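# Notes for the structure review
Listed below are the residues making up each chain.
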Amino acid sequence: QQRRNMLADVSHELRTPITVIQGNVEGILDGLYPADEPRLKSILEETQVLSRLVDDLRTLALAESGALRLKREPTNLTELIRDAVSGFEAQIKEEDIRVETILNGGEDANIDPQRVREVLTNLLSNALRYTPRGGQIQVRLTEAGPSPERNVTISIEDNGPGIEPAELPHVFERFYKSSDSGGMGLGLSIAKYLVEAHNGKIWAESEVGNGTTISFALPL
């Protein structure tokens, strides 16, 4: 049943952008639509949706098969977090959301920066999806512990509607979607795999009506 549901979800998520791309290209070839910048931009955006979906499925497959390999290198986590937040700058401005960053430590982390950025992107995307217009998000980084056992905890807190207690234990399960969520339910599952590949842990705290905080800890 899970496999059937997964195939149905994948088919649905692929079908939507493909339909938009096909309709636009056919319209341009038939002379119904001009091949102008807005039309081409719409096609490009749909190809980016497809690309993200394929990347997510590939990451999930690698993680579940044990073939996911990290490329660790000295990384400034503070800069990485700021870069990840800046990637959502347009959406933050459009939704009039205030993002507060409190970053202490993590300047010399030995991590895979690309994979940790994927985690941050997934968590920020979720927070922005559920934060109401004019709301706020807090991104916090805290370093603790003596060397060489140092670790960092990164938390992303929103002031959205929160998660029902019955749903909270399942949010990191692959293809799990709450009744009001979009997408395929892959983001948090992939984040969990990537954090655990770093020998870290990830968890969620939420109260209905008082927002949600997703945190993950990484050894440095």
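Preceding this section is the structure that the text describes.
For clarity, every value in this text was computed on a predicted model and none was experimentally measured. (Residues numbered from 1 in each chain as written. Predicted model: local features only at pLDDT ≥ 70, side-chain atom pairs only at ≥ 80, totals over all residues. Heavy atoms only, no water.)

For the rest of this paragraph, the subject is the overall build of the protein. Each helix and strand in the protein was counted, giving six helices and seven strands. Secondary structure elements of the protein occur, N-terminal to C-terminal, as α-α-β-α-α-β-β-α-β-β-α-β-β. Relative to a compact globule of 220 residues, whose C-alpha radius of gyration would be 17 Å, the protein shows 19 Å and is just as compact. With respect to the three principal axes, the spread of C-alpha positions in the protein is 65 × 40 × 40 Å. Per-residue burial for the protein yields a buried fraction of 36% across its 220 residues. For the protein, contacts bridging at least 24 residues in sequence account for 70% of all contacts bridging at least 6. In the structure as shown, the protein presents an accessible area of about 12,700 Å², 49% of it carried by carbon and sulfur atoms. (Helix = DSSP H or I, 4+ residues; strand = E, 2+ residues; numbered from the N terminus. Rg over C-alpha atoms; globule rule 2.2 N^0.38 Å. Buried < 20%, exposed > 50% of the residue type's maximum accessible area, 1.4 Å probe, protein only. Contact = heavy atoms within 4.5 Å. Areas by Shrake-Rupley, 256 points an atom, 1.4 Å probe, with all protein chains shown as cover.)

Further remarks concern the environment of Gly187. Residue position: Gly187 is located in helix α6 (residues 187-197). Along the primary structure Gly187 and Ala204 are separated by 17 residues, whereas in three dimensions their C-alpha atoms are 14 Å apart.

This brings us to empty space enclosed by the protein. Over the atoms, a rolling probe the size of a water molecule traces out where space has been left empty. By the definition in use, this model includes one cavity of 30 Å³ or more. Roughly 30 Å³ of internal volume is contained in the largest cavity. Around the largest cavity sit Val85, Phe88, Ile92, Val99, Leu124, Leu128 and Ile137, which together line it. Split by residue class, the lining of the largest cavity holds seven nonpolar, no polar and no charged. (1 Å grid on protein atoms, 1.4 Å probe; cavity = no way out; pocket = protein on both sides within 12 Å on 5 of 7 lines; lining within 4 Å. Points joined across faces, edges and corners; volume = space filled by probe spheres on them. Nonpolar A, V, L, I, M, F, W, Y, C, P; charged D, E, K, R; others polar.)

In this structure the tally under the stated criterion is zero aromatic pairs. Here the basic side chain of Arg39 rests over the ring of Tyr33, its NZ or CZ set 3.9 Å away from the ring centre. The ring of Trp203 carries the charged tip of Lys201 above its face, separated from the ring centre by 5.5 Å. (Phe/Tyr/Trp six-rings, centres within 6.5 Å; stacked < 30°, edge-to-face > 60°. Lys NZ or Arg CZ within 6 Å of the ring centre and 35° of its normal.)

Right, let's get into unusual backbone geometry. In this structure, Asp96 is a non-glycine residue whose phi angle is positive, near 55°. By the secondary structure assignment, Asp96 is in the loop between α4 (89-94) and β2 (98-104). Relative accessible area serves as the criterion here: at 52%, Asp96 is assigned to the exposed category. Backbone geometry places Asn199, a non-glycine residue, at a positive phi of 65°. With respect to the element layout, Asn199 can be found in the loop between α6 and β6 (201-206).

What follows covers the side chain of Gln138. Within the element layout of this structure, Gln138 appears in strand β4 (residues 136-144). For Gln138, the side chain forms a polar contact with the side chain of Glu100, separated by 3.2 Å. Here the side chain of Gln138 touches Arg140 through a polar contact of 2.9 Å, side chain to side chain. Not counting residues within four places of it along the chain, the set of residues in contact with Gln138 comprises Glu100, Ile102, Ser155, Ile156 and Glu157. (Polar contact = N/O pair within 3.5 Å; in protein donor to acceptor, adjacent residues only side chain to side chain.)

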